[in-house]
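# Tertiary structure, described
Here are the chains, one letter per residue:
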Amino acid sequence: EDQVTQSPEALRLQEGESSSLNCSYTVSGLRGLFWYRQDPGKGPEFLFTLYSAGEEKEKERLKATLTKKESFLHITAPKPEDSATYLCAVPPDTGRRALTFGSGTRLQVQP
Amino acid sequence: DTAVSQTPKYLVTQMGNDKSIKCEQNLGHDTMYWYKQDSKKFLKIMFSYNNKELIINETVPNRFSPKSPDKAHLNLHINSLELGDSAVYFCASSRGTSNQPQHFGDGTRLSIL
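Here's a quick rundown of the structure.

Scoring rules and cut-offs
Residues numbered from 1 in each chain as written. Chains lettered and ligands numbered in written order. Predicted model: local features only at pLDDT ≥ 70, side-chain atom pairs only at ≥ 80, totals over all residues. Heavy atoms only, no water. Helix = DSSP H or I, 4+ residues; strand = E, 2+ residues; numbered from the N terminus. Rg over C-alpha atoms; globule rule 2.2 N^0.38 Å. Pairing = 2+ DSSP bridges. Axes fitted to C-alpha atoms, helices over the stretch in contact; angles between N-to-C directions. Buried < 20%, exposed > 50% of the residue type's maximum accessible area, 1.4 Å probe, protein only. Polar contact = N/O pair within 3.5 Å; in protein donor to acceptor, adjacent residues only side chain to side chain. Contact = heavy atoms within 4.5 Å. Buried area = accessible area lost by both parts, 1.4 Å probe. Salt bridge = Lys/Arg side-chain N within 4 Å of Asp/Glu carboxyl O. Nonpolar A, V, L, I, M, F, W, Y, C, P; charged D, E, K, R; others polar. Disulfide = S-S within 2.5 Å.

## A word on the overall build of chain A
- Check the secondary structure of chain A and you find zero helices and eleven strands.
- Along its sequence from the N terminus, chain A presents helices and strands in the succession β-β-β-β-β-β-β-β-β-β-β.
- Expected size for 111 residues packed as a compact globule is a radius of gyration near 13 Å; at 14 Å, chain A falls within 12% of this value.
- Projected onto its principal axes, the C-alpha positions of chain A cover 45 × 30 × 20 Å.

## Some details on the sheet that holds strand S8 (residues 70-75) of chain A
Residues and elements named next belong to chain A.
- Pairing in this open sheet of five strands is antiparallel, and the strands run S1-S3-S8-S7-S6 from one edge to the other. The two strands at the open ends of the sheet, each matched to only one other strand, are strand S1 (3-7) and strand S6 (56-59). Sheet twist, expressed as the average angle between the axes of neighbouring strands with direction ignored, equals 15 degrees.

## Side note on the side chain of Asp2(A)
Residues and elements named next belong to chain A.
- Looking at the secondary structure, you find Asp2 in the segment before S1.
- On the basis of relative accessible area, Asp2 is assigned to the buried category, the value being 16%.
- Side-chain polar atoms of Asp2 contact the side chain of Arg31, separated by 2.6 Å.
- Apart from residues no more than four positions distant in its own chain, Asp2 is found in contact with Thr26, Val27, Ser28, Arg31, Val90, Pro91, Pro92 and Thr100.

## As for the interface of chain B and chain A
- Between chain B and chain A, the contact holds 22 residues from the first and 22 residues from the second.
- Interface of chain B and chain A: buried area, both sides summed, is about 1800 Å²; carbon and sulfur atoms make up 56% of it.
- Applying the counting rule to chain B against chain A returns one salt bridge.
- Linking Asp106(B) and Lys42(A) is a salt bridge whose minimum nitrogen-to-oxygen distance equals 3.7 Å.
- Linking chain B to chain A there are five residue pairs in polar contact (both at pLDDT 80 or more).
- At four residues, the largest contribution of residues to the side of chain B that touches chain A is made by strand S6 (residues 53-57) of chain B.
- Here the residues of the side of chain B that touches chain A sort into ten nonpolar, eight polar and four charged.

## Brief notes about the state of the cysteines
- With the rule as written, the count across this model stands at two disulfides over all chains.
- Disulfide partner of Cys23(A): Cys88(A), at an S-S distance of 2.0 Å. Negative torsions about the S-S bond denote left-handed disulfides, and the value of about 85 degrees found for Cys23(A) with Cys88(A) makes this one right-handed. With Cys23(A) in strand S3 (residues 19-26) and Cys88(A) in strand S9 (residues 84-90), the pair connects residues that are 65 residues apart, well separated along the chain.
- With a sulfur-sulfur separation of 1.9 Å, Cys23(B) is cross-linked through a disulfide to Cys91(B). The disulfide joining Cys23(B) to Cys91(B) has a torsion of about -80 degrees about its S-S bond and is therefore left-handed. Of this pair, Cys23(B) sits in strand S3 (residues 19-25) while Cys91(B) sits in strand S9 (residues 87-94), placing them 68 residues apart in sequence.
- For Cys23(B), a relative accessible area of 1% gives the class buried.

## Focus on the environment of Phe72(A)
Residue and element names in this part refer to chain A.
- With respect to the secondary-structure elements, Phe72 resides in strand S8.
- Looking at Phe72, the relative accessible area reads 25%, which means it is partly exposed.
- Note: C-alpha distance between Phe72 and Asn22 (50 residues apart in sequence) is 4.7 Å.
- Once residues lying within four places of it in the same chain are set aside, the contact partners of Phe72 are Ser20, Leu21, Asn22, Trp35, Lys63, Ala64 and Thr65.

## As for the pairing of S6(A)
Residues and elements named next belong to chain A.
- Relative to strand S7 (residues 62-66), S6 is paired through four bridges, and the arrangement is antiparallel. Pairing of Glu58 across the sheet is with Lys63, part of S7.
- If you look at the hairpin formed by S6 and S7, you'll find two residues sitting between the two strands, and Glu60 has a positive phi there, around 55 degrees.

Here it is as structure tokens:
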């Protein structure tokens, strides 16, 4: 059974203070990994797909990286509007299963 | 344009009632999902349909019945609502069934009195 663990559970940063969120996973075979952002009262918003170890994706202040056992979401010089819960998920090995989500990291960026 | 839309956004009702939640997507996707997000914000799959065929049916009470009239719509009907059904229910859609990202609606917040 696939397992996804995110850390830390919560993170408070000052504006401009860079940091990284971790997503570690145990799967039968690497099939990729998704990152989402969820704002309060909203659904998860798709950010990145990473399909192979060594792959990197960037969007504004966010950069996602992938290894064979974990993924990092690096946040460079964050702003208050980056405050949200960040979720990672791994796709199933068969269409008869769904994404396995981590429990998320709640990020708060203070001005 | 809203990609995945759910109605209603809020649903407050009494225990024992029957209610429905509707979902529509205009992304041209062929797979749709229902998730339940509990108080700890953990997303758990309930059902999935691909081209109107039920392909994922997790262990949920049979009081929950999904229905997909076409590829763009997936509804969720809940009978005899219980206090433990209080949660946020999210609809999502994707192209294909496995390693494609899913796109989510903004959720239906169900509160049982």
